[in-house]
Amino acid sequence: MTASSEGSAPKRRPQQRKQVLLRLDPHVYEALARWAGDELRSANAQIEFLLRRALAEAGRLPGEAGPLPRRGRPPGSTPPGPPA
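My aim in this report is to walk through the structure given alongside it, one point at a time. (Residues numbered from 1 in each chain as written. Predicted model: local features only at pLDDT ≥ 70, side-chain atom pairs only at ≥ 80, totals over all residues. Heavy atoms only, no water.)

1. Here's the deal with a nonpolar patch on the surface
- Together, L22, L24, V28 and Y29 line one region of the surface with nonpolar side chains, adding up to about 350 Å² of accessible area.
- Note on placement: L24 falls in the segment before α1 (26-38). (Patch = residues over 30% accessible without salt bridge, like charges linked within 9 Å, V, L, I, M, F, W, Y side chains within 5 Å. Areas by Shrake-Rupley, 256 points an atom, 1.4 Å probe, with all protein chains shown as cover. Salt bridge = Lys/Arg side-chain N within 4 Å of Asp/Glu carboxyl O. Helix = DSSP H or I, 4+ residues; strand = E, 2+ residues; numbered from the N terminus.)

So this is what it looks like as structure tokens:
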């Protein structure tokens, strides 16, 4: 018996993240990259953080927008240890 015949909803695959090409003034990019480094983020993560904050402040952040992806290693992964 399959899950659909038992009346449960099928699992939905998570949406892939959209890729966009963004052209920035080199000085703006350098300032953004420095700011991102200060906050231990990539430039890409900093741009998304700032866009989400601006959308939220303007009351335009969709309720369906998922949370920002977590930074760092995925939970449960361990860094390689020194050789034994």
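2. Focus: unusual backbone geometry
- Look at L40: it is not a glycine, yet its phi comes out positive at around 55°.
- Judged by relative accessible area, which is 69%, L40 ranks as exposed. (Buried < 20%, exposed > 50% of the residue type's maximum accessible area, 1.4 Å probe, protein only.)

3. Notes on the layout of surface pockets
- Its volume calculated, the largest pocket comes out at about 900 Å³.
- Per element, the largest residue contribution to the lining of the largest pocket is seven residues, and it comes from helix α2 (residues 43-57).
- Considering only residue class, the lining of the largest pocket consists of eleven nonpolar, five polar and five charged. (1 Å grid on protein atoms, 1.4 Å probe; cavity = no way out; pocket = protein on both sides within 12 Å on 5 of 7 lines; lining within 4 Å. Points joined across faces, edges and corners; volume = space filled by probe spheres on them. Nonpolar A, V, L, I, M, F, W, Y, C, P; charged D, E, K, R; others polar.)

4. Let's talk about the packing of aromatic side chains
- A full pass over the atoms with the stated rule returns zero aromatic pairs.
- Above the ring of F49, the side-chain terminus of R41 is found at 3.9 Å from the ring centroid. (Phe/Tyr/Trp six-rings, centres within 6.5 Å; stacked < 30°, edge-to-face > 60°. Lys NZ or Arg CZ within 6 Å of the ring centre and 35° of its normal.)

5. Some details on the pattern of salt bridges
- For the coordinates displayed, the defined rule picks out three salt bridges.
- R17 is the salt-bridge partner of E48, the closest N and O atoms lying 2.2 Å from each other. Of the two residues, E48 sits in helix α2 while R17 sits in the segment before α1, which places them 31 residues apart along the sequence.
- In this structure, R52 engages E48 in a salt bridge whose closest nitrogen and oxygen atoms are separated by 3.1 Å. Here E48 and R52 lie together in helix α2, a separation of four residues that amounts to about one turn. When sorted by exposure, R52 lands in the same class as E48, which is buried.
- If you follow the salt bridges from partner to partner, you end up with R17, E48 and R52 in one network.

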